[in-house]
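Survey of secondary and tertiary structure
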Amino acid sequence: MGKVKVLISNEQSDIKVPVGIRLLIRRCCHAVTEYEGFTNDYEVSVSFVNDAQIHELNKKHRDIDRPTDVLSFPLGENGVYDIDHETGASLLGDIVISLETAFRQAEVYGHSLEREVGFLTVHSMLHLLGYDHEEGPLQERIMREKEEAILTQLGISRDETFVEEHAHKD
C-alpha cells in the first residue's frame, strides 16, 4: 500500500467542521484506494465550501445552475494520473464538499454529518479513480455497491451509525 497525502482545507465559515472529520476523510480516502488495490503513493485535496461557492463551481465546470453536495475534479484518465515529480505520487484530483448541503442531507436522511461527509468522500474518491454513475444503470449500481462495501468496512454504512468513543469521567 502506498503513502497517502490528503490535503484538507476549509474555505467556508457557515458550518463548524466537526472534530474528527479530517481523520475520517483521510480514512475514507485510504479505504477507497486500498479497496481498489491502488498501490502507488498518491495525493488528493479535499475542500469544504458553502452552497454559494459550490453553486459557482457547478455552473462554471458542469453548466448546472444550482448548488450540489460534492464535486470531483480528477487529474487522471483511464488509470493514468499526473505525477508530482518531487514525490513521485500520483495526483488523483480534488474533492469539493458543500458542508451546508451535507448538513441538510444528513438531517433529511436521518444520519450524522460525519456519515454524510464519509459517503461524499468515498463517492468522490471513486470518481477520481474513474467510476461514473452517470454512464448508465450498470455503472451506477457498481459504484453504489463499492460505496456501501467501503463504508461498511469503515463502520459507517447505512445500517450502522457513526459512533465516537467518549472518555467518561466517573
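The coordinates are above.
Since the model is a prediction, treat every value here as computed from it, not as a measurement. Throughout, a residue's number is its position along its own chain's written sequence, starting from 1. Per-residue local features of the predicted model are confined to residues with pLDDT of at least 70, and side-chain atom pairs are confined, for both listing and counting, to 80 or more; whole-chain, interface and lining totals are unaffected and use all residues. Side-chain numbers here rest on the full set of heavy atoms in the structure, without hydrogens or water.

Further remarks concern the overall build of the protein chain. Strands are runs of DSSP state E lasting at least two residues, helices are runs of H or I lasting at least four, and both sets are numbered from the N terminus onward. Secondary structure assignment for the protein chain yields five helices and six strands. Taken from N to C terminus, the helices and strands of the protein chain fall in the order β-α-β-α-β-β-β-β-α-α-α. Seen through its principal axes, the protein chain has C-alpha atoms that stretch 50 × 40 × 35 Å. Counting across all 170 residues of the protein chain, residues that qualify as buried make up 44%. The long-range share in the protein chain, meaning contacts at least 24 apart out of those at least 6 apart in sequence, stands at 67%. The classification of residues rests on relative accessible area computed with a 1.4 Å probe and restricted to protein chains. Under 20% of the type maximum is buried, over 50% is exposed, and intermediate values are partly exposed. Contacts are assigned to residue pairs with any non-hydrogen atoms lying within 4.5 Å of each other.

When two rings of Phe, Tyr or Trp (its six-membered ring) have centres within 6.5 Å they constitute a pair, described as stacked for plane angles under 30 degrees, edge-to-face for angles over 60, and tilted for the intermediate range. Applying the stated criterion across every chain, the model contains two aromatic pairs. Both rings, one in Phe38 and one in Tyr42, keep their centres 6.0 Å apart while their planes meet at 90 degrees; by these two values the pair is edge-to-face. This pair shows no difference in class: Phe38 is buried, exactly as Tyr42 is. With 5.7 Å between their ring centres and 75 degrees between their planes, Phe38 and Tyr81 make a pair best called edge-to-face. Of the two residues, Phe38 sits in the loop between helix 1 (21-35) and strand 2 (42-49) while Tyr81 sits in strand 5 (residues 80-83), which places them 43 residues apart along the sequence. In this structure, Phe38 and Tyr81 share a single accessibility class: buried.

This part is about the nonpolar core. Considering soluble globular proteins, one finds that nonpolar side chains tend to be buried as a cluster. Residues Phe48, Val117 and Met125 are the most contacted members of the largest nonpolar core, which totals 38 residues. Those elements that place two or more of their residues in this core are strand 1 (4-10), helix 1, strand 2, strand 6 (90-98), helix 3 (99-109), helix 4 (113-128) and helix 5 (137-154). Of all the elements, helix 4 adds the most residues to this core, at eight residues. Those residues within four positions of Met125 in sequence are excluded, and the remaining contacts are Cys29, Val32, Thr33, Tyr42, Val44, Leu92 and Ile95. Buried Ala, Val, Leu, Ile, Met, Phe, Trp, Tyr and Cys residues that are joined via side-chain atoms within 4.5 Å together make up what is termed a nonpolar core.

Here we take up unusual backbone geometry. Even without being glycine, Asp63 reaches a positive phi, approximately 55 degrees. Assignment of secondary structure puts Asp63 in the loop between helix 2 (51-62) and strand 3 (70-74). We classify Asp63 as exposed; its relative accessible area is 61%.

A few words on the pairing of strand 2. Counting buried positions over the eight residues of strand 2 gives eight, a clear majority of the element. Burial along strand 2 is two-sided: Tyr42, Val44, Val46 and Phe48 facing one way and Glu43, Ser45, Ser47 and Val49 facing the other are all buried. Pairing of strand 1 with strand 2 involves seven bridges; the strand directions are parallel. Residue pairing across strands places Val4 opposite Tyr42, the latter belonging to strand 2. Pairing between strands is defined by DSSP: at least two bridges between the two strands are required. Across eight bridges, the pairing between strand 2 and strand 6 is parallel. Across the sheet, the residue bridging to Phe48 is Ile97, located in strand 6.

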